[in-house]
Amino acid sequence: SSSSSSSSSSAVAKESEEQVGNMAEVAAWVGAAVAFGLGVGAVMGAEKAEEFFAGYLLEQSLSVDNLFVFVLVFDYFKVPLASQPRVLNYGIWGAMVMRAAMIVAGYEAVTNFKPILLVFAGVLIFSSYKLIAEGEEEEEEDMSENAIVKFCSDLLPVSKEYDGENFFTTENGAKIATPLLLCLCVIELSDVVFAVDSIPAVFGITEDPFIVYSSNIFAIMGLRSLFAFVATMVAELEYLQTAVAAVLGFVGCKMVVEFGGVEIPTEASLAVVVGMLGAGVALSLAKKDDGEGDKDVDKAA
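Anyway, here's the lowdown on the structure attached to this text.

Cut-offs used in this document
Residues numbered from 1 in each chain as written. Predicted model: local features only at pLDDT ≥ 70, side-chain atom pairs only at ≥ 80, totals over all residues. Heavy atoms only, no water. Helix = DSSP H or I, 4+ residues; strand = E, 2+ residues; numbered from the N terminus. Buried < 20%, exposed > 50% of the residue type's maximum accessible area, 1.4 Å probe, protein only. Contact = heavy atoms within 4.5 Å. Expected span 1.5 Å × (residues − 1). 1 Å grid on protein atoms, 1.4 Å probe; cavity = no way out; pocket = protein on both sides within 12 Å on 5 of 7 lines; lining within 4 Å. Points joined across faces, edges and corners; volume = space filled by probe spheres on them. Nonpolar A, V, L, I, M, F, W, Y, C, P; charged D, E, K, R; others polar.

## Quick look at the side chain of Lys254
With respect to the helices and strands, Lys254 occurs in helix H9 (residues 240–259). Accessibility expressed as a relative area gives 4% for Lys254, which makes it buried. Every residue in contact with Lys254, bar those within four places of it in the chain, is listed here: Gly204, Ile205, Ile264 and Ser269.

Following this line, the structure appears as structure tokens:
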């Protein structure tokens, strides 16, 4: 039994070591984004730096929401831990490609037809409403009822069992997809859905394609290291989704008001984005501490 307890303690040590490594990587990416933003400020002026930071924070919070979906999908498909990195890599590259394509399309649309900004605003306000409505329902999300999961399941004949990291396997002499491929399809389609939110959101902050691209790329580059962090924090950041919804609603309304000719300064937008996201994280952590305090009281009783 002593050998089993020592092996379990070494496993815990290894896990906490990995977490520290992931946290360091997350910190490095955030540090790189901050350094880049300061560089933008030095070269292009404070206004552009504020646009970059507001865009980056917005995209980073949407990316975390994107990762929450990855966690739910992996959980639903019971993807073996060893196979998750392969799907995650494809998912992150997929997110990069989709967002790049959406930025190009979005920029072309905005420069050639200004009223498209009102359509973007509508998308954001609707997304904000949906996120808040989902949060109020409070029940565990049932992925089997998810439209994307249903669509992919109908499209692909899938084997019952996983076959290591393979996307295809042979069953009864026929080549069919493994659940890993189905999981990948769901994740790639969810990337499209998130790109549809994230691009209008950043165009609500700035129409400068350089700022739009760079804020998106910095948000996505840190996704891999963020994933492990999010997977452990998913239950703890209860109010983050509500905060993201509030930010999307704010950016949508800002676009409508600005289209009507009222200018909202970038520093005000940045302050609102930081305030809303900060409040969401702070409330989540406060509630978690409350819950732990109650548990300690119960134990003492």
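## Quick notes on H9
If you check H9, its first and last C-alpha atoms are 29 Å apart, about what 20 residues at 1.5 Å a residue would give, namely 28 Å. Those residues of H9 that sit buried are Leu240, Ala243, Val244, Ala245, Val247, Leu248, Gly249, Phe250, Val251, Gly252, Lys254 and Met255.

## Digging into helix H3 (residues 84–112)
With 29 residues, H3 ought to run about 42 Å at 1.5 Å a step, and its terminal C-alpha atoms sit 42 Å apart, in line with that. Every buried residue belonging to H3 is among Gln84, Val87, Leu88, Gly91, Ile92, Gly94, Ala95, Met96, Arg99, Ile103, Gly106 and Val110, and all of these are buried.

## A few points about empty space enclosed by the protein
Under the criterion given, the structure shown has one cavity of 30 Å³ or more. Considered as a void within the structure, the largest cavity measures approximately 30 Å³ in volume. Listed by contribution, the elements that provide at least two residues to the lining of the largest cavity are H3 and helix H7 (209–221). In the lining of the largest cavity, the residues fall into six nonpolar, one polar and one charged.

Read these as layout, nothing more, since geometry by itself doesn't imply function.
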